[in-house]
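Listed below, chain by chain, are the residues.
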Amino acid sequence: MLVRRPAELDALDGIVLPGGESTTIDKLMRAFGLFEPLADRIAAGLPVFGSCAGMILLADRLVEAHRGQRTLGGIDMLVRRNAFGRQVDSFEADLEVADARFTSPVHAVFIRAPWVEEIGAGVEVLASVDFGGGSRPVAVRQGRALATSFHPEVTGDLRFHEMFARMTR
Ligand code: GLN
């Protein structure tokens, strides 16, 4: 189901925070009174999967918070928005994923994507990309929160969705 209002959170066993524009999603969540209830549910353990802008929303900290941009938090990480460059620098890559169910690489689509710059001790890095002289985490998990810099929903590869479905059980 689509969630637009706080009451709609009650029925959920988990929530997906999609890609898009994290500054806009932040503003809309606040305008609809969804920000605090959702942040509270995530803090209380609601399983959550964020891709791209959704990863940004799950970051406890952002490198440069755009004009007071807020995040829901949920993963002990510092995230850099638009880290790989501008829209024209969007790219695709095959990634090894550090999970037993991923026996072959994932084809990952990055659209003006963020990367993870720092993680806390409880955060597991599932996949990284070599870029700009460093290994940049692009898929991470902490407890019942999962985040990817890329968009698993556009390739038809359901393995990250399956991972998330298992996390909701
Ligand atoms: N660049 C966007 C942001 O900062 C994220 C892009 C995406 O979700 N594909 O929110």
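The present account deals with the structure reproduced in this document.

Cut-offs used in this document
Residues numbered from 1 in each chain as written. Predicted model: local features only at pLDDT ≥ 70, side-chain atom pairs only at ≥ 80, totals over all residues. Heavy atoms only, no water. 1 Å grid on protein atoms, 1.4 Å probe; cavity = no way out; pocket = protein on both sides within 12 Å on 5 of 7 lines; lining within 4 Å. Points joined across faces, edges and corners; volume = space filled by probe spheres on them. Helix = DSSP H or I, 4+ residues; strand = E, 2+ residues; numbered from the N terminus. Nonpolar A, V, L, I, M, F, W, Y, C, P; charged D, E, K, R; others polar. Buried < 20%, exposed > 50% of the residue type's maximum accessible area, 1.4 Å probe, protein only. Contact = heavy atoms within 4.5 Å. Near = heavy atom within 4 Å. Polar contact = N/O pair within 3.5 Å; in protein donor to acceptor, adjacent residues only side chain to side chain. Areas by Shrake-Rupley, 256 points an atom, 1.4 Å probe, with all protein chains shown as cover.

## Let's talk about the layout of surface pockets
At step 1: Approximately 480 Å³ is the volume found for the largest pocket.
At step 2: Lining the largest pocket are 17 residues, with Val 3, Arg 4, Val 16, Pro 18 and Leu 34 positioned closest to its centre.
At step 3: Those elements that provide at least two residues to the lining of the largest pocket are strand E1 (15-17) and helix H1 (22-31).
At step 4: Across the lining of the largest pocket, the residue classes break down as 15 nonpolar, 1 polar and 1 charged.

## Quick word on the environment of Ile 56
At step 1: Within the element layout of this structure, Ile 56 appears in helix H3 (residues 53-58).
At step 2: Owing to a relative accessible area of 5%, Ile 56 belongs among the buried residues under this scheme.
At step 3: Along the primary structure Ile 56 and Val 129 are separated by 73 residues, whereas in three dimensions their C-alpha atoms are 17 Å apart.
At step 4: Excluding residues within four positions of it along the chain, Ile 56 makes contact with Ser 22, Leu 62, Gln 69, Thr 71, Val 79, Arg 81 and Pro 114.

## Quick notes on the site of the ligand
At step 1: Near the ligand, the surroundings consist of Gly 19, Gly 20, Glu 21, Ser 22, Cys 52, Ala 53, Ile 56, Arg 81, Asn 82, Ile 111, Arg 112 and His 151.
At step 2: Between Arg 112 and the ligand, the recorded distance is 3.0 Å, taken from a backbone N or O atom to a nitrogen atom.
At step 3: In isolation the ligand has 300 Å² of accessible area, and contact with the protein removes 96% of it.
At step 4: Considered class by class, the residues forming the shell around the ligand number 4 nonpolar, 5 polar and 3 charged.

Take it as geometry only, folks, not as evidence of what the structure does.
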